Amino acid sequence: MGKWTRRAFLLGGALSGGGLVLAVAVRPGHRTPRLAKLVQGENEVLVNAWVKLLPNNEIKVIVPHVEMGQGAHTAMAMMLAEELDADWSKVSVEEAPAHEEYATYDIARDFVYPAQVPGFVDDTIKGAFLEISQIMDLQITGGSYSVRATGVRSMRVAGAAVRELLINAAADVWGVAASEVRTEDSFLFHDGSGKKAAYIEFAQQAAKEKGSNTPTLKSESEFKIMGRRDIQRLDIPAKVTGEAQFGIDVALPGMKVATVRAAPVFGATVESVDSQAVQKLDAVHRVLNLGDAVAVVAEGYWQAKKALAQLEIVFSKTDNDSLSSVEITQGFKQDLDKAVEDGQEIEDFSEGDVSLAFGASTKIIEAEYSVPFLAHATMEPMNCTALFRDGLLEVWTGTQNPLGVRNSLAKEFSIDANNVIVNNQYLGGGFGRRADIDYSLQAAKIAIELPDTPIKLIWSREEDTQHDHYRQAMVSRFKGGFDSNGAVVAWDNQFHEKHEPVEAPYIPYDIPNQSIHYTNSATHVPFGPWRSVDHSVHAFFTESFIDELAHAAGEDGYHFRRGLLGREKRMISVLDTAAKMANWNEALPAGWGRGIAIHRSFNTIVAQVVEVNMTGSSLRVEKVFCAADAGYAVSPDGFKAQMESGIVFGLTAALFGEITIKSGAVVQSNFHDYPMIRMKDSPLIEVEIINSGEALGGGGEPGTPPIAPAVTNAIFAASGTRVRALPIKI
Amino acid sequence: MIELTINGELVSLDIEPDTPLLWAVREQMNLTGSKFGCGVAQCGACTMHLDGRPIRSCVMPIASAAGRSITTIEGLGGHNGELHAVQKAWIEQQVPQCGYCQSGQIMSAAALLQETPAPSDAEIDAAMSGNICRCGMYGRIKKAIKSASDASTDDVMLDNAEQGG
């Protein structure tokens, strides 16, 4: 995720950790007047960073997160509108500008310092994390953070604070006690005198005050907007009429269209390009050597693509030109072996004494698992429109990190960040891919070569598939030990390559001796965060191996897990719910199998039970029962949709997803050889939400990790075949 | 010059005849609701209606559409801006997530219901499996089609009743 790495966070945390936070931080002060210059339009009143009131008493919520289908715009607005006592029918959303003032500091704060702090230091902490986020160019939508970080810490607080300011302003003018003023549907009332006023009437007055950082928030029983199932997503109407503007839809006067072919082998460069055949074509504007890619700029996409195909391009040789997936996987295994021999491993988690426990074990089970590289395959191929004019660089694109794009462009092309403008659009899928900025840099590079001409760069699907930043391929090895009473006493897990979140390989099970350790095994294939990041691999590994242990213990997967979840009451409740939804104890038809998996990620616990049908010529995943506890579902239908989406995303990977490398380059190129689940393969999905009342968890990613092991565990139940490598080849 | 009807309007385009219909519509007509997803008729994001039947416009040369009638997502609803029954159902079932594939999904669904007003699950699977939704909203798409199919049936019944009366 660009600069958004755990290391950067920890560094940020270390630099400002503990007492130092208080020492170096600048209290942000009253930011509203400064922010008004950025976001306040004519006749609008910016009351605080996140709320604008309009003359007709409409409310615009400023959201610092992007909309890529996960519903963040609507959920954020619901949280703010709830605390503001707003009339929901008159609430709309405006995405925050790509500007450091709107850095997503709540995410940094939640990551480094999740605890609540006393009210009097809250402002200072906020100031510190605003600074850190600005230094890190952090304006990210990812990590399933929007609702649980920005929503909780900024949106609800801002809504409640503005409501208080409006009440105070009204009480002041009306000459009544603030405690006698009540609010409802964007109006203020003083029942004693019969006075009534729209919020907008006191907006100017309210905006003068900074407002409280610790206003009184509503309790769940007072919610009128949060938690409502019937609230519809605000972005959906424009998405059924074709009016929604994605990056690829941007149109500017005089615009030309570019498309590229990058060096097939990562790290190679363009040695020569023969463009004679196309230079004379009317529709072709320019052919550019971008160093690691060649671009054709033409009147339209089709002309650019046709011309690109006619170019003779010679790419440089690299050390990886003969590398294949088979060798890469062998390399992983050799590195794992070598790390053990050399004692060059990194301890990830350790409890008890595994060597002692294995020594005393009467039964030991071992298994090795693997997963392939995966591309994101967003439906909208990477694209970005850029215009360089009079020293000003302006881009229009869909990105998960608008501020990161702005500041990276400024740095790359030595332009003052104030002269770089990023106009974010709807994202036709993100899943982590659009947290990278490669395509924006490429478009800007072309635009700077051709000043005064707007350039829309569109990647072909082939380019998109072959120049992604990939979910890592991985090998993971396990050893489990039982004592003479048949209890699991030892868990050893070795893998290579660790990204984030740190807890992805950790298990919730009560196994007294555990050792989780890893080594590094670099490849030339670029890594990128892929929906749920490390959770997508480790949940498959750990939830498969625990199933193997269940089988070895002669128990079924549900009851075996349940017995090992003693300390995890929340997880037991989620597991029980999924099992109950699926009628776990009822027999299935012959040739069918049922599998279960549970995983906690992004602070949300998800259990899934899958039914597979193996009676036909090919495997069918018939049903998925999903129970999820995110503490509280702010937007229940949106959360449910995220579970459905996460399941299909993970199922696509489990059934089909495989990026292979041959001669150093990606083999797959389009949906014919990198297939997606379609309507005919799609299972019936039932979702049950558990509102446990615990701290909020994320929604966008946690649905993905459990599905692959739930499916492979079901295959084992149906057929006795244990699938240890994805995608499933049965 | 190539002449064709787009959303009820006769247009003539000065364009290379092998240009895919999708790019003619997006770049010459500035109708950007139809999307580019794969360029090889694999994903359905570019689905339009050619004389009422669904086609993948990313692989159809504009010359093949000469003299024929094209409907895009922009032309699916009524002239008064009223949404098509399928679009209404899409909102009611809260189908779209990122939304990028949805113009194509809606065009495929509308064509299906035109041909088969009350489709079975198998008929829906067959008609819709050319359209990929990376956000995985197949369950909601199916529900929305069924809900629109009821609506269509009501409309048809209403029309018949009016004609009968």
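In the block above lies the structure referred to throughout.
A short tour of the structure in this document, coming up.

Rules behind the numbers
The residue count restarts for each chain, going from 1 along the sequence in the order it is written. As a convention, the first chain written is A and the first ligand written is 1, with the rest following in written order. Totals for whole chains, interfaces and linings use all residues, but because this is a predicted model, local features are given only for residues with pLDDT of at least 70 and pairs of side-chain atoms are given and counted only at 80 or more. Note: side-chain values were computed over all heavy atoms of the structure, leaving out hydrogens and water. Helix numbers and strand numbers start at the N terminus; a helix is a DSSP run of H or I with at least 4 residues, a strand a run of E with at least 2. Every radius of gyration here is taken over C-alpha atoms, with the globule rule written as 2.2 Å times N^0.38, N being the number of residues. Contacts are residue-level and defined by heavy atoms, with any inter-residue pair within 4.5 Å sufficient. The quantity reported as buried area is the accessible area (1.4 Å probe) lost by two parts once they are put together, taken as the sum for both. A pair is scored as a salt bridge if a Lys or Arg side-chain nitrogen falls within 4 Å of a carboxyl oxygen belonging to Asp or Glu. In this scheme Phe, Tyr and Trp rings, the latter by its six-membered ring, pair at centre separations within 6.5 Å, and the angle between planes marks the pair as stacked below 30 degrees, edge-to-face above 60, and tilted otherwise. Only protein chains enter the accessibility calculation, which uses a 1.4 Å probe; a residue is then buried when its area is under 20% of its type maximum, exposed when over 50%, and partly exposed in between.

On to the overall build of chain B. Summing up its helical and strand segments, chain B has five helices and five strands in all. For chain B, the succession of helices and strands along the chain, N to C, is β-β-α-β-β-β-α-α-α-α. Here the C-alpha atoms of chain B give a radius of gyration of 16 Å, agreeing with the 15 Å that 2.2 N^0.38 yields for 165 residues. When the backbone C-alpha atoms are referred to their principal axes, chain B occupies close to 45 × 40 × 25 Å.

Note on interface size: it is often stated as the accessible area lost on association of the parts. The interface of chain A with chain B comprises 58 residues on the first partner and 49 residues on the second. Regarding the contact of chain A and chain B, the summed buried area is about 4300 Å², with carbon and sulfur atoms giving 57% of it. When the buried surface of chain A facing chain B is broken down by residue, Val-240, Met-379 and Met-679 of chain A rank first, second and third, together holding 20% of it. The tally of links between chain A and chain B comes to six salt bridges. The partner of Lys-306 of chain A in a salt bridge is Glu-16 of chain B, with the nearest N and O atoms 3.1 Å apart.

Our next topic: unusual backbone geometry. All names here are of chain A. Residue Glu-500 is joined to Pro-501 through a cis peptide bond whose omega torsion reads -10°. On the secondary structure map, Pro-501 appears in the loop between strand S20 (488-496) and strand S21 (513-519). The step from Leu-726 to Pro-727 runs through a cis peptide bond, and the omega angle for that step is -5°. A positive phi angle is found at Asn-43, which is not glycine, with a value near 70°.

Before going further, it helps to spend a moment on the packing of aromatic side chains. Residue and element names in this part refer to chain A. Tallied over the full model, the rule gives 21 aromatic pairs over all chains. Look at Phe-478 and Trp-491: their rings are 5.3 Å apart centre to centre, the planes differ by 70°, and that puts the pair in the edge-to-face class. Here Phe-478 is found in strand S19 (residues 474-482), whereas its partner Trp-491 is found in strand S20, with 13 residues between them in sequence. You'll find Phe-478 and Trp-491 in the same group, each marked buried. Ring plane angle 65° and centroid distance 5.8 Å describe the contact between Tyr-558 and Trp-584, whose orientation is recorded as edge-to-face.

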